[in-house]
Amino acid sequence: MMGFGGLLGLLVLVLDVYALVKIFQSSAGTGGKVLWIVLVLLFPVLGFLFWLLMGPKG
């Protein structure tokens, strides 16, 4: 059975995949996309939060 840590990890994974898809779909330049992707991959929780607050919109 998956404990609380497992569910939390799964939630972080789902949110990061969502962020990556939205980054790819955004109209930001290639450099900006690469920067956001690296940030989200290296720092899954903080990267997602920074992207959510300051990432490319649209």
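Predicted, not measured: the structure shown is a model, and the values here were computed from it.

**Structural notes on the overall build of the protein chain**
- Each helix and strand counted, the protein chain has three helices and zero strands in total.
- Going from the N terminus to the C terminus, the protein chain shows its helices and strands as α-α-α.
- Dimensions of the protein chain along its principal axes, counting C-alpha atoms only, are 45 × 15 × 15 Å.
- A total of 58 residues make up the protein chain; the buried ones form 22% of that total.
- Accessible surface computed for the protein chain: about 4,200 Å², of which carbon and sulfur atoms make up 81%.

**A word on helix α1 (residues 4-25)**
- An ideal rise of 1.5 Å per residue puts 32 Å on 22 residues; α1 measures up with 32 Å between its terminal C-alpha atoms.
- Tucked inside the fold, the buried residues of α1 contact α2 (30-42) and α3 (44-54).

**Remarks on the UniProt feature "transmembrane region" (unreviewed entry) in the protein chain**
- The positions UniProt marks with the feature "transmembrane region" (unreviewed entry) are residues 35-54.
- For the annotated span residues 35-54, helix accounts for 95% and strand for 0% of the residues, and the straight-line distance between the end C-alpha atoms is 12 Å.

**Examining the UniProt feature "domain: Cardiolipin synthase N-terminal" (unreviewed entry) in the protein chain**
- UniProt's entry tags residues 14-56 with the feature "domain: Cardiolipin synthase N-terminal" (unreviewed entry), counted in the numbering of this structure.
- When the span residues 14-56 is considered, its composition is 84% helix and 0% strand, and the gap between its end C-alpha atoms is 19 Å.

**Here's the deal with the packing of aromatic side chains**
- Summed over the entire model, instances satisfying the criterion amount to two aromatic pairs.
- Between tyrosine 18 and tryptophan 51 the ring centres are 6.1 Å apart and the planes differ by 80°, which places this aromatic pair in the edge-to-face class. Taken as a pair, tyrosine 18 in helix α1 and tryptophan 51 in helix α3 lie far apart in primary sequence, 33 residues in all.
- In this structure tryptophan 51 comes out as buried when scored by relative accessible area, which is 8%.
- For the ring pair phenylalanine 48 and tryptophan 51, a centre distance of 5.9 Å and an interplane angle of 40° mean the geometry is tilted. Of this pair, phenylalanine 48 and tryptophan 51 both sit in helix α3, three residues apart, which is roughly one turn of that helix.

Conventions and cut-offs
Residues numbered from 1 in each chain as written. Predicted model: local features only at pLDDT ≥ 70, side-chain atom pairs only at ≥ 80, totals over all residues. Heavy atoms only, no water. Helix = DSSP H or I, 4+ residues; strand = E, 2+ residues; numbered from the N terminus. Buried < 20%, exposed > 50% of the residue type's maximum accessible area, 1.4 Å probe, protein only. Areas by Shrake-Rupley, 256 points an atom, 1.4 Å probe, with all protein chains shown as cover. Expected span 1.5 Å × (residues − 1). Contact = heavy atoms within 4.5 Å. UniProt positions renumbered as here; feature names shortened; annotations may be inferred. Phe/Tyr/Trp six-rings, centres within 6.5 Å; stacked < 30°, edge-to-face > 60°.

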